[in-house]
Amino acid sequence: MEPLLLLATTILGITLANQNLKTLHELKRFKEYVTILLVSSTFIVLTADIDPEIIKHLQWQSWLVLALVIFIFRPLAVYLSTIGTDISKQERALLAWIAPRGIVAASVAGLFGSELSKIGYADAELLLPMVFALIIMTVLLHGLTIGWLARKLNLASIHPDGIMIVGAADWSTRLAVELQKNDIPVMLIDTQWAQLESARMQNIPIHYGEVLSERTEEVLELAHFTKLVAVTPNEAYNTLICSLFAPELGKRNVYELRWSNVDKLSDESVNKPSEAIGGDRLFIDGVDDEYFKKTYAEGWTFKSTPLTEEYTLDDYLNSNPESTKLICLITKAGFVNFYPWDQNIEPEDIAILMSYVPPQTDTKKINSGER
């Protein structure tokens, strides 16, 4: 019965994938939640039948087989299956070491072990304990070494935060340049090629395309990006983008400009989007796309100011005019926090303050360490 269920599930998945359903994205998300619940339950059910004493009595031959699987068979399988591909040697080495062994192996071992025992194989009862011993060993070995190995192979990101900016206006391009100057990975995304010209000329990584399309979701490499900032002129579009990426990046890691028409209404609830959708609001009231376009044309720009023991946050706030707008801070650990930032951040943890300053401030030397 179990093999038939597996076959039926596989056929259902193939069928759904070829239906071109417009709601397939939400279906995938629902599937992930159900998978976590069912896999966790299945592990509990399977391990409930295992006697710990059986694992203790595994012979050296069993441990030899497990060692061969981890150190010989898995790397060999990866090598043979990746011949002729464009996967680098470093990526192939990481794949050879990190092997996903989980619910499928455990469930099949549980099924085959009982069936083999019924037809007379005396050692078949050791199959399931061996598989769980393999899972435990690989979880420990790979979990403790994947970070170290990825760094040795130059496959790990050295930056805690990376920023995707959707909307390539003049001012947002300058913001991307300033972030990149501070060693923050950044990517500018827009649907208009001409809007990305300035970013291309300044060596800012770009993505030309509709960020909401399924194709973009497939080709966009998110490994180095942990935050998204939606700053297009269309406020509803920004909210939609944040709603799409919030489940993947986290609700507190997607940001959008404040809605400019909210303050003009006597009843904010008329045109104000629900707090349950969209992302965190960037900056303070009144700082929207129109504000940035107007002030940037007047000569405003973004400035980065390092904080030191001699030049603290209080010194910065006292030496800058009230018109200066705080944009974000970068911690000593490399994390980016947009204004208004988390109140739990201690002033001594701040490495750089980024602000939006008027023209007269741009030429004024606030501090000898200002960039």
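Conventions and cut-offs
Residue indices follow the written sequence of each chain, beginning from 1 at its first position. At least 70 in pLDDT is required for a residue's local features to be given in this predicted model, at least 80 for side-chain atom pairs to be given and counted, and no such filter applies to totals for whole chains, interfaces and linings, which use all residues. Excluding hydrogens and water, the side-chain figures rest on all heavy atoms present in the structure. Here a helix means four or more residues in a row that DSSP labels H or I, a strand means two or more in a row labelled E, and each is numbered from the N terminus. To sort residues, take the accessible area from a 1.4 Å probe on protein chains only and compare it with the maximum for the residue type: under 20% means buried, over 50% means exposed, and anything in between is partly exposed. Here a residue-residue contact requires only that any non-hydrogen atoms of the pair lie within 4.5 Å. Throughout, the Shrake-Rupley method with a 1.4 Å probe supplies accessible areas, and for residues the shown protein chains are the sole cover considered. Strand pairing follows a simple DSSP-based rule, namely that at least 2 bridges must link the two strands. In this analysis, axes come from line fits to C-alpha atoms, helices being fitted only over the stretch in contact, and the angle between any two N-to-C directions falls in the range 0 to 180 degrees. Polar contact criterion, stated in full: a pair of N or O atoms within 3.5 Å, where within protein one must be able to donate a hydrogen and the other to accept it, and residues adjacent in sequence count only if both atoms are side-chain atoms. Residue types Ala, Val, Leu, Ile, Met, Phe, Trp, Tyr and Cys, when buried and joined through side-chain atoms within 4.5 Å, form a set referred to as a nonpolar core. The span one expects for a helix is its residue count, reduced by one, times 1.5 Å. The angle separating two fitted axes, one through the seven residues that finish at a residue and one through the seven that start at it, defines the bend at that residue. Pairing of aromatic side chains requires ring centres within 6.5 Å, counting the rings of Phe and Tyr and the six-membered ring of Trp. Pairs whose planes differ by under 30 degrees are stacked, by over 60 edge-to-face, and all others tilted.

For the protein chain, the helix and strand inventory stands at 14 helices and 10 strands. Relative to its full complement of 371 residues, the protein chain shows a buried share of 37%. Considering only contacts in the protein chain between residues 6 or more positions apart, those separated by 24 or more positions represent 65%. As displayed, the protein chain has an accessible area near 22,100 Å², and 60% of this comes from carbon and sulfur atoms.

Okay, the sheet that holds strand β9 (residues 336-338) next. Taken in spatial order, the four strands make up an open sheet running β7-β10-β8-β9, and their pairing is antiparallel. Of all the strands in the sheet, just β7 (301-306) and β9 have a single pairing partner and so form its edges. Pairwise comparison of adjacent strand axes, ignoring direction, gives a mean angle of 20° for this sheet. Seen against the sheet, helix α8 (residues 170-181) touches β7, β8 (325-331) and β10 (350-357) and runs at an angle of roughly 20° to β7. Together, β7, β8 and β10 form the strand contacts of helix α12 (residues 289-297), whose direction differs from that of β10 by roughly 80°.

Before going further, it helps to examine the side chain of H142. Its place among the elements puts H142 in helix α7 (residues 127-152). A distance of 2.6 Å separates the side chain of H142 from the backbone oxygen of W97, its partner in a polar contact.

This part takes up the nonpolar core. If you look at the biggest cluster of nonpolar residues, it comprises 34 residues, and the most contacted ones within it are I165, L179, F292 and I327. Sort the elements by how many residues they give to this core and α8 lands first, with five residues. The residues contacting L179, other than those within four sequence positions of it, are I163, I165, I184, V186, C328 and M354. Residues M164, L228, C242 and L249 belong to the second largest nonpolar core, which totals 16 residues.

In this section: the sheet that holds strand β4 (residues 227-230). Here six strands make up an open sheet; going across it, the order is β3-β2-β1-β4-β5-β6 and the pairing parallel. Two strands bound the open sheet, and with one partner strand each, they are β3 (206-208) and β6 (280-282). Each neighbouring strand pair of the sheet contributes to a mean axis angle of 25°, computed without reference to strand direction. As defined by bridge partners, strand β2 (residues 186-190) adjoins β3 across three bridges and the pair is classed as parallel. Counted as the bridge partner of D190 is Y208 from β3.

Tracing the chain through its elements places V336 in strand β9. On a C-alpha basis, the gap between V336 and K227 in space is 8.7 Å, while along the polypeptide they are 109 residues apart. Those residues in contact with V336 that lie beyond four places of it in its chain are D161, I163, I184, K227, C328, L329 and I330.

Time to look at unusual backbone geometry. Looking along the chain, the bond that leaves Y339 and enters P340 is cis, with omega of 0°. Among the secondary structure elements, P340 is positioned in the loop between β9 and β10. Positive phi, close to 65°, is recorded for D183, a residue that is not glycine. Along the chain, the position of D183 falls in the loop between α8 and β2.

Under the 1.5 Å per step criterion, the end-to-end length of helix α4 (residues 60-81) is 30 Å for 22 residues, consistent within 8% with the ideal 32 Å. At V69, α4 is bent by approximately 45°, the largest bend along its length. Every buried residue of α4 is listed here: S62, L66, I70 and V78.

Burial analysis of β10 places seven of its eight residues in the buried class, the great majority of the element. Relative to β10, β7 runs antiparallel, the two sharing six bridges. Bridged to T301 within β10 is V357. In terms of strand pairing, β8 meets β10 through six bridges, oriented antiparallel. Note on β10: the bridge partner recorded for L329 is L353.

Okay, α7 next. Because each turn of an α-helix spans 3.6 residues, side chains separated by three or four positions in sequence point in the same direction. Between its first and last C-alpha atoms α7 spans 35 Å; for 26 residues at 1.5 Å apiece the expected length is 38 Å, and the two agree. Largest kink in α7: about 45°, centred on I146. Considered for burial, the residues of α7 that qualify are L128, P129, M130, V131, F132, A133, L134, I135, T138, H142, L149 and A150. Trailing α7 by a residue or two, N154 shows a phi angle of about 60°, which is positive.

This part covers the packing of aromatic side chains. Counted under the stated rule, the structure contains 12 aromatic pairs. Here F283 and F292 contribute two aromatic rings whose centre-to-centre distance is 5.6 Å and whose plane-to-plane angle is 70°, an arrangement assigned as edge-to-face. Judged on exposure class, the residue F283 and its partner F292 are both buried. Note on Y291 and W300: the rings are 6.2 Å apart at their centroids and 75° apart in plane angle, and the pair reads as edge-to-face. Take Y291 and W300: they sit in the same class, and that class is buried. Within the aromatic cluster, the residues linked to one another by ring pairs are W171, F283, Y291, F292, W300, F302 and Y356.

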